[in-house]
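Survey of secondary and tertiary structure
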Amino acid sequence: MPHIIYKKNNILETPSQCEDTVFDFLAKSYNFNNENRIPEYKVALKRDGVECLLTIKSKDDNFMVKADNITRLTPVSLVKDALNDFATITKAEILSSNTASNGEKIDPKKEYLKDINYFVNDFNTDKEIYIEIGFGSGRHLIHQAEKNPDIQFIGLEIHTPSIEQMLKQVEIKGIKNILAVSYDARLFMEFINSNRVGKIFVHFPVPWDKKPHRRIYSNEFINEALRVLKIDGKLELRTDSRKYFDYCTDLLTNLPTGKITIDINKDLEVISKYEDRWRKQGKNIYDVVLTNYANDEDINLNHDFSFDKNINLDKFLKNMDRKAEVNEDYFVHLEDAYVINEKTVLLKLTFGSFNKPLSKYILINETEIRYFQGNPLPTSANIKAHTRIQELLK
Ligand SMILES: C[S@@+](CC[C@H](N)C(=O)[O-])C[C@H]1O[C@@H](n2cnc3c(N)ncnc32)[C@H](O)[C@@H]1O
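Sequence order as written defines residue numbering, which begins from 1 separately in each chain. Only residues with pLDDT of at least 70 are given local features in this predicted model, and only at 80 or more are side-chain atom pairs given and counted; all residues enter the totals for whole chains, interfaces and linings. In computing side-chain values, all of the structure's heavy atoms are included and hydrogens and water are not.

Considering the environment of Met 1
- To qualify as a helix, a DSSP run of H or I must reach at least 4 residues; to qualify as a strand, a run of E must reach at least 2; elements of each kind are numbered from the N terminus. With respect to the helices and strands, the residue Met 1 is situated in the segment before β1 (3-7).
- Using a 1.4 Å probe on the protein chains alone, a residue whose accessible area is under 20% of its type maximum counts as buried, one over 50% counts as exposed, and one in between counts as partly exposed. Judged by its relative accessible area of 59%, Met 1 falls in the exposed class.
- Along the chain, Met 1 and Asn 69 lie 68 residues apart, while their C-alpha atoms are 9.8 Å from each other.

Considerations on the domain arrangement of the protein
- How far each domain reaches was decided by an automatic or database domain assignment. For the protein, the assigned domains read domain 1 (3-97), domain 2 (113-291) and domain 3 (313-393).
- Domain 1 and domain 3 are separated by 22 Å when their C-alpha centres are compared.
- Contact between two residues is taken to exist if any of their heavy atoms lie within 4.5 Å; hydrogens are not considered. Facing 18 residues of domain 1, the contacting portion of domain 3 comprises 19 residues.
- In this description, buried area is defined as the sum, over both parts, of the accessible area (probe of 1.4 Å) that is lost when the two are combined. Between domain 1 and domain 3, roughly 1,600 Å² of surface is buried when both sides are summed, and carbon and sulfur atoms account for 65% of that area.
- Definition of a polar contact: a pair of N or O atoms within 3.5 Å, with one able to donate and the other able to accept a hydrogen when the atoms are protein atoms, and with sequence-neighbouring residues admitted only if both atoms are side-chain atoms. Put simply, domain 1 and domain 3 have 8 residue pairs in polar contact (both at pLDDT 80 or more) between them.
- No other element matches the 5 residues that strand β3 (residues 21-29) contributes to the side of domain 1 that touches domain 3.
- Across the side of domain 1 that touches domain 3, the residue classes tally to 9 nonpolar, 2 polar and 7 charged. Classification convention: Asp, Glu, Lys, Arg as charged; Ala, Val, Leu, Ile, Met, Phe, Trp, Tyr, Cys, Pro as nonpolar; all other residues, Gly among them, as polar.

A closer look at the pattern of salt bridges
- Salt bridges, as used here, are contacts in which a Lys or Arg side-chain nitrogen is within 4 Å of a carboxyl oxygen on Asp or Glu. Counted by the stated rule, this structure contains 30 salt bridges.
- One salt bridge in this structure joins Lys 42 and Glu 40, with 3.2 Å as the shortest N-O distance. Both residues of the pair, Lys 42 and Glu 40, belong to the buried class.

Details of the packing of aromatic side chains
- Aromatic pairs are defined between Phe, Tyr and Trp rings, using the six-membered ring for Trp, whenever the two ring centres lie within 6.5 Å; interplanar angles under 30 degrees are classed as stacked, those over 60 as edge-to-face, and all others as tilted. With the rule as written, the count across this model stands at 23 aromatic pairs.
- The interplanar angle of 75° and the centroid separation of 5.3 Å between the aromatic rings of Tyr 130 and Phe 153 together place this pair among those described as edge-to-face. In this pair, Tyr 130 is assigned in strand β9 (residues 129-133) and Phe 153 in strand β10 (residues 152-156), connecting sequence segments 23 residues apart. The residues Tyr 130 and Phe 153 share a single accessibility class, namely buried.
- Note on Phe 307 and Tyr 371: the rings are 5.1 Å apart at their centroids and 45° apart in plane angle, and the pair reads as tilted. Placement of Phe 307 in the loop between β15 (286-291) and α9 (313-319) and of Tyr 371 in strand β20 (residues 369-371) is noted, with a sequence separation of 64 residues between them. When sorted by exposure, Phe 307 lands in the same class as Tyr 371, which is buried.
- An aromatic cluster is built from Tyr 118, Phe 119, Phe 123, Tyr 183, Phe 188 and Phe 191, whose rings are joined through pairwise contacts.
- Note on criteria: charge over ring means Lys NZ or Arg CZ within 6 Å of the ring centre, with the direction from the centre no more than 35 degrees off the ring normal. The aromatic ring of Tyr 118 is capped on one face by Lys 114, whose charged end is 4.6 Å from the ring centroid.
- Sitting over the face of the ring of Trp 278, Lys 283 holds its NZ or CZ atom 4.2 Å from the ring centroid.

Digging into the side chain of Asn 292
- Assignment of secondary structure puts Asn 292 in the loop between β15 and α9.
- For Asn 292, the side chain forms a polar contact with the main-chain oxygen of Leu 229, separated by 2.8 Å.
- Here the side chain of Asn 292 touches Lys 230 through a polar contact of 3.2 Å, landing on its backbone oxygen.
- Setting aside residues no more than four positions away along its own chain, Asn 292 makes contact with Leu 226, Leu 229, Lys 230, Ile 231, Asp 232 and Gly 233.

A short note on the environment of Thr 291
- Mapped onto the elements, Thr 291 comes out in strand β15.
- Taking C-alpha positions, Thr 291 is 9.4 Å from Lys 230, a pair spaced 61 residues apart along the chain.
- The residues touching Thr 291, leaving out its near neighbours within four places in the chain, are Asp 232, Gly 233, Lys 234, Gly 258 and Lys 259.

Comments concerning unusual backbone geometry
- The omega torsion across Thr 14 and Pro 15 is -5°, close enough to zero to call that bond cis.
- You can see Pro 15 is positioned in the loop between β1 and β2 (16-18).
- A positive phi is found at Phe 32, a non-glycine position, where the angle reads about 45°.
- Note that Phe 32 resides in the loop between β3 and β4 (41-47).
- Residue Phe 32 is classed as buried on the basis of its relative accessible area of 16%.
- Residues other than glycine seldom take positive phi values, yet Asn 265 does so here, at roughly 55°.

A look at the nonpolar core
- Within this scheme, the nonpolar core is defined by two criteria: the residues are buried Ala, Val, Leu, Ile, Met, Phe, Trp, Tyr or Cys, and they are joined through side-chain atoms within 4.5 Å. Ranked by size, the top nonpolar core spans 56 residues in total, and within it Ile 131, Ile 133, Ile 154, Phe 188, Ile 200 and Tyr 217 carry the most contacts.
- Contacts of Phe 188, omitting those with residues within four sequence positions, involve Ile 116, Phe 119, Ile 131, Ile 154, Leu 156, Val 181 and Tyr 183.

Focus on the environment of Phe 135
- For Phe 135, the position within the fold is in the loop between β9 and α3 (139-147).
- Separated by 27 residues in sequence, Phe 135 and Ser 162 have C-alpha atoms that sit 7.9 Å apart.
- Not counting chain neighbours up to four residues away, the residues in contact with Phe 135 comprise Leu 141, Gly 155, Leu 156, Glu 157, Ser 162, Ile 163 and Met 166.

Re the site of the ligand
- Taken together, 15 residues are adjacent to the ligand, and Gly 134, Glu 157, Asp 184, His 203 and Ser 272 come closest.
- Between the ligand and the protein, one listed contact pairs a nitrogen atom with a backbone N or O atom of Gly 134 at 2.8 Å.
- At a separation of 2.9 Å, a nitrogen atom of the ligand approaches a polar backbone atom of Ala 185.
- Protein coverage of the free-state accessible area of the ligand, which is 600 Å², stands at 89%. Any residue with a heavy atom positioned within 4 Å of a molecule or strand is treated as near that molecule or strand. Working definition of accessibility: Shrake-Rupley area with a 1.4 Å probe, residue cover restricted to the visible protein chains.

Okay, here's the thing in structure tokens:
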């Protein structure tokens, strides 16, 4: 995790700017009547059109600044640049840091590399969508995109050099129908509207034999895949791991409906780097394809997540209950508060469904209350939680 340890100083004047980073405000942890609480600070910044927070904590007699772990900023090169800009503008006397660029830089302006917020707020296409999860070197993704120019492809990958390599090919070949996202595929599907996807390819996922909870396939993932797939849309697993194959067929054959086809050593038009390796070793390759039969209810990506604006901040903070409030199918946990000034507060909270809790900040001042970094996804649990949060803020 990129961070800088530096000698304690006056922290930061805001608003201010250094290079491409605009520092909007500084917030200090509210002590909730605990005079011994060691202050922690949040710094709000904007970079490349994205807002996020840095955390400043005391470390021994010094300060440590790093990216706040709720307001994710990707790729990691952006975090490093923002931290270095922070150190410059605060004239920090650096004691140690790991924010030097390591050459794994993705140009954030790359046309076909999208931030996850793009899929929440702006993604819109009339085209059919195909998704490839963990595209690696991108051989299969690029082959498919060239063969199907009318399909919009979304490539998900968490390995930065692989994304770079794939995007280089996209540029060289002039391919216009791939969007790449650096995001965990297990969490991505919920940003896609229902019944829009023709195919989801999961080719040679990491089997995670020792850490099965990290596998792409799970009941939740399969249900989300079925929701985004159109009728006759397919979720395609290709693997060399017999254990992963058995695990996935077990999950899929426990579904109430659906068609499953299984192949062994089926030839595809393109052989990925991994497949090449396994074939040379004489390993079996298994395909398990799930076909979707039903249309699903559309998720409403446009729910109104605004707040009423009248709040007595002082009273609210004094009475804030920091215990989680658990309801039947959602919860709300007001965790912490950071004071920007007498009239402005940053509230940290976790809420939503139990199996996918969402941590966020709410920025509260007299004229505006809003979710920092944009609204939550309009899942039913988040909508219920939002209604409850509105009541708690009154
Ligand atoms: C074994 S490689 C296979 C790459 C490619 N599909 C192929 O056949 O050559 C698995 C890839 O999945 C990516 N990956 C692993 N977990 C992921 C996740 N949760 N979301 C997106 N990509 C993931 C890894 O970074 C890696 O590039």
